[in-house]
Amino acid sequence: MSDTPAPQRLPLRQVWPDDRVAHYRAAGHWRGETFPGFLRDRAQRFSGDLAVVGGAVRWTYAQLWDEAERIAAGLLAQGLAPGDRVVVQLGNIPEFVAVVCALFRAQLVPVYALPAHRLTEVAHFARKAEAVAYVCAEKYEAFDYRTLARELQREVPAVRHVFVVGDGGEFVPVAGLDGDRAALPGDPDPQSVAFLQISGGSTGLSKLIPRTHDDYIYSFRASNDLCGIDRDSVYMVALPAAHNFPMSSPGFFGALYAGACVVLSPGPGPDVAFPLIARERVTCVGLVPPLALLWADAAAKTAHDLSSLRVVQVGGAKLVPEAARRVIAGLGCTLQQVFGMAEGLVNYTRLGDPEEVVVRTQGRPISPDDEVLIVDDQGAPVPDGTTGHLLARGPYTIRAYHNDPAANARSFTDDGWYRTGDMVQRTADGNLVVQGRATDHINRAGEKISAEEIEDHLLAHPQVFDAAVVSIPDDFLGERSCAFVIPGEARPRPAELKAWVRGRGLAAFKVPDQIVFVDAFGTTAVGKVSRRELRAQLRARFLAEQGA
Ligand code: AMP
Ligand code: DBH
């Protein structure tokens with residue numbers, strides 16, 4: 001035996017009360033399934049069926065599993081050990097699916113970064129998760145991730161291993177990984193944490209969301225029924241595959257669970273996705289609202305055959321009724337609204353719902369055991385039809401973030417409710433209508449941006465005296481970000497401030513869309529104004545001036 005000490009790191013856990021655990025099992029929600037367990041089973045039962053299509057790759061279920069085992073054994077041979085956390089930053093390429101399945105197979109824990117994330121975010125995930133490895137692509141959308149890998153290793157030396165899809169340079173190429181498959185571990189405890197998903201982050205940087213095998217598998221197994229996914233389905237991933245929506249609602253994991261085919265679209269636009277839909281006979285796809293509108297317009301003019309599409313799901317941000325009608329008319333298939341969050345709770349309109357429900361609401365929870373509480377500012381439940389704060393609890397909603405006591409104190413009540421930060425109404429027939437948010441984040445076409453995080457970066461600029469970042473309604477994006485800036489002695493140019501934020505190593509979607517200089521924030525209120533109130537005042541004044 002080696003005398004290497006066991007790593008000292010924060011354990012990964014997600015704990016529900018004992019009586020809930022017993023109930024979720026008795027109800028058949030938690031069935032003791034695991035990722036490697038179900039993937040191995042499908043590889044045996046559906047061995048010759050097509051599992052993943054992307055680029056030039058067409059893997060059957062047997063091939064996907066074989067790839068996963070090869071990479072898994074290779075990672076262990078490189079010195080990784082079960083329990084190690086691995087930041088994965090890959091785009092919509094088949095290797096994303098293979099690498100994630102490999103990590104599950106080796107009992108390594110994926111931490112999902114989006115391709116848009118840059119050093120600031122990736123380093124934050126690596127630190128918070130105490131990751132020892134990073135998997136990236138050589139290049140994706142014209143960005144060289146090996147540069148990011150080098151910076152990451154400088155900033156977080158604990159990330160000892162880098163694995164690269166494509167030309168590895170000085171790093172280890174994923175294609176060359178191999179090892180002794182007999183050394184692979186058995187299947188994990190179904191209640192252990194399978195991976196860390198990331199939250200949109202309403203205050204500061206994203207939080208890490210520990211999801212267990214049992215809870216996550218339940219969420220996509222039950223989603224399959226509600227989204228019409230079966231073995232004959234062809235599910236397209238058009239949004240970034242690492243996002244919780246195309247991963248699990250029902251997502252590519254739901255599709256793989258059902259024995260369906262997963263088609264990875266390298267981009268979300270109609271130009272890239274439509275030919276693939278026609279070629280692969282795609283039946284279901286998930287989109288954010290602005291994309292859905294783009295698709296609906298493009299569908300009217302396209303020469304590509306989209307007749308295989310049965311369900312188009314729209315979620316991530318609010319789809320207003322007028323837009324919903326345009327999507328239905330333009331795409332001519334069933335619309336399903338999806339209101340979900342990486343922390344758990346997912347709501348769907350049902351495929352057979354009356355059109356008014358599909359157009360006007362964001363649906364209702366997946367599970368009969370999802371608990372939804374809508375309360376006023378004092379915490380008292382509000383009647384149906386009244387807007388309140390949405391709290392959630394249930395068989396696939398987390399009880400705590402990883403490694404973040406302050407966020408946990410803010411985001412969870414003593415009796416385990418997750419404060420979603422969303423303001424909603426419940427209709428008489430039990431559907432939810434999202435009204436907006438209580439917290440200050442910008443929902444830019446489904447990408448969530450923390451006002452505070454961007455304010456901090458602006459304030460670091462020597463010519464910025466103060467800054468407040470707010471959301472402004474935008475016809476295309478739903479919301480865009482606007483930074484109100486009180487300049488210092490000299491007023492920087494807006495382009496300079498945008499470049500400054502970008503230069504801080506942030507995802508491009510976080511760069512303010514608009515910068516408005518003001519002399520002062522001027523408050524009418526007496527005393528100290530909260531940042532939230534200030535942002536609300538600035539937004540209101542700006543919109544009033546625009547309207548005038
Ligand atoms: P995240 O924390 O990144 O997983 O984002 C989840 C948040 O996205 C939710 O709490 C909502 O604020 C927002 N969201 C997701 N789906 C919808 C939807 N269909 N309508 C309105 N907001 C949505
Ligand atoms: O926005 C989201 O995070 C989201 C939207 C729809 C989500 O996590 C989901 C469905 O599962």
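Because the structure is a prediction, the values reported are computed rather than measured.

Student: Explain the nonpolar core residue by residue, including any values.
Tutor: Tyr 134, Phe 253, Leu 256 and Trp 295 are the most contacted members of the largest nonpolar core, which totals 162 residues. Viewed by domain, this core spans two of them, domain 1 (34-217) and domain 2 (268-437), each represented by three or more residues. The contacts of Leu 256, once residues within four sequence positions are left out, are Phe 38, Leu 39, Arg 42, Ala 51, Val 52, Tyr 61, Leu 64, Val 97 and Val 262. By size, the runner-up hydrophobic cluster in this structure holds 18 residues, among which are Ile 442, Ala 483, Val 485 and Val 511.

Student: Lay out the packing of helix α3 (residues 61-77) against helix α4 (residues 94-105) with the relevant residues and their values.
Tutor: Packing of α3 against α4 brings their axes to within 7 Å, and their N-to-C directions diverge by 60 degrees. Considering the angle they form, α3 stands oblique to α4. As α3 runs across α4, the sense of the crossing is right-handed. Residues Leu 64, Trp 65, Glu 67, Ala 68, Glu 69, Ile 71, Ala 72 and Leu 75 of α3 lie in contact with α4, whose contacting residues are Val 97, Ala 98, Val 99, Cys 101, Ala 102, Leu 103 and Arg 105. Taken together, the residues that form the contact of α3 with α4 break down as 12 nonpolar, no polar and 3 charged.

Student: Tell me about helix α9 (residues 251-258), residues and numbers included.
Tutor: Most of α9 sits inside the fold, with 8 of its 8 residues counted as buried. Turning to α9, its buried residues are Gly 251, Phe 252, Phe 253, Gly 254, Ala 255, Leu 256, Tyr 257 and Ala 258. Just past α9, the residue Gly 259 takes up positive phi, approximately 80 degrees.

Student: Report on the side chain of Arg 105, specifying residues and quantitative values.
Tutor: When you line up the elements, Arg 105 lands in helix α4. If sequence neighbours within four positions are ignored, Arg 105 has contacts with Pro 36, Arg 40, Trp 65, Glu 69, Ala 72, Leu 184 and Pro 185.

Student: How would you sum up the site of ligand 2? Please name residues and give values.
Tutor: Around ligand 2, the surrounding shell consists of His 243, Asn 244, Phe 245, Ser 249, Gly 316, Val 338, Gly 340, Met 341, Ala 342, Val 346 and Lys 448. Within the backbone of Met 341, one N or O atom sits 3.4 Å away from an oxygen atom of ligand 2. At 3.0 Å, a side-chain N or O of Lys 448 approaches an oxygen atom of ligand 2. When ligand 2 sits alone it has 290 Å² of accessible area, and the protein chains cover 95% of it.

Student: I'd love a proper account of the pattern of salt bridges, names of residues and values included.
Tutor: Summed over the entire model, instances satisfying the criterion amount to 35 salt bridges. Linking Arg 221 and Glu 33 is a salt bridge whose minimum nitrogen-to-oxygen distance equals 2.9 Å. One end of the pair, Arg 221, is in helix α7 (residues 213-227); the other, Glu 33, is in the loop between α1 (18-26) and α2 (35-45), and 188 residues separate them in sequence. Note that Arg 393 and Glu 371 form a salt bridge whose closest N and O atoms lie 2.9 Å from each other. Here Arg 393 is found in strand β20 (residues 388-393), whereas its partner Glu 371 is found in strand β19 (residues 371-375), with 22 residues between them in sequence. Relative accessible area serves as the criterion here: at 24%, Glu 371 is assigned to the partly exposed category. Three or more residues joined by partner-sharing salt bridges are found here, namely Asp 440, Glu 455, Asp 466, Arg 531 and Arg 535.

Calculation criteria
Residues numbered from 1 in each chain as written. Chains lettered and ligands numbered in written order. Predicted model: local features only at pLDDT ≥ 70, side-chain atom pairs only at ≥ 80, totals over all residues. Heavy atoms only, no water. Core = buried A, V, L, I, M, F, W, Y, C linked by side-chain atoms within 4.5 Å. Buried < 20%, exposed > 50% of the residue type's maximum accessible area, 1.4 Å probe, protein only. Domains from an automatic or database assignment. Contact = heavy atoms within 4.5 Å. Axes fitted to C-alpha atoms, helices over the stretch in contact; angles between N-to-C directions. Helix = DSSP H or I, 4+ residues; strand = E, 2+ residues; numbered from the N terminus. Parallel < 35°, antiparallel > 145°, perpendicular 65-115°, else oblique. Left-handed = near helix turned anticlockwise from the far one by under 90°. Nonpolar A, V, L, I, M, F, W, Y, C, P; charged D, E, K, R; others polar. Near = heavy atom within 4 Å. Polar contact = N/O pair within 3.5 Å; in protein donor to acceptor, adjacent residues only side chain to side chain. Areas by Shrake-Rupley, 256 points an atom, 1.4 Å probe, with all protein chains shown as cover. Salt bridge = Lys/Arg side-chain N within 4 Å of Asp/Glu carboxyl O.

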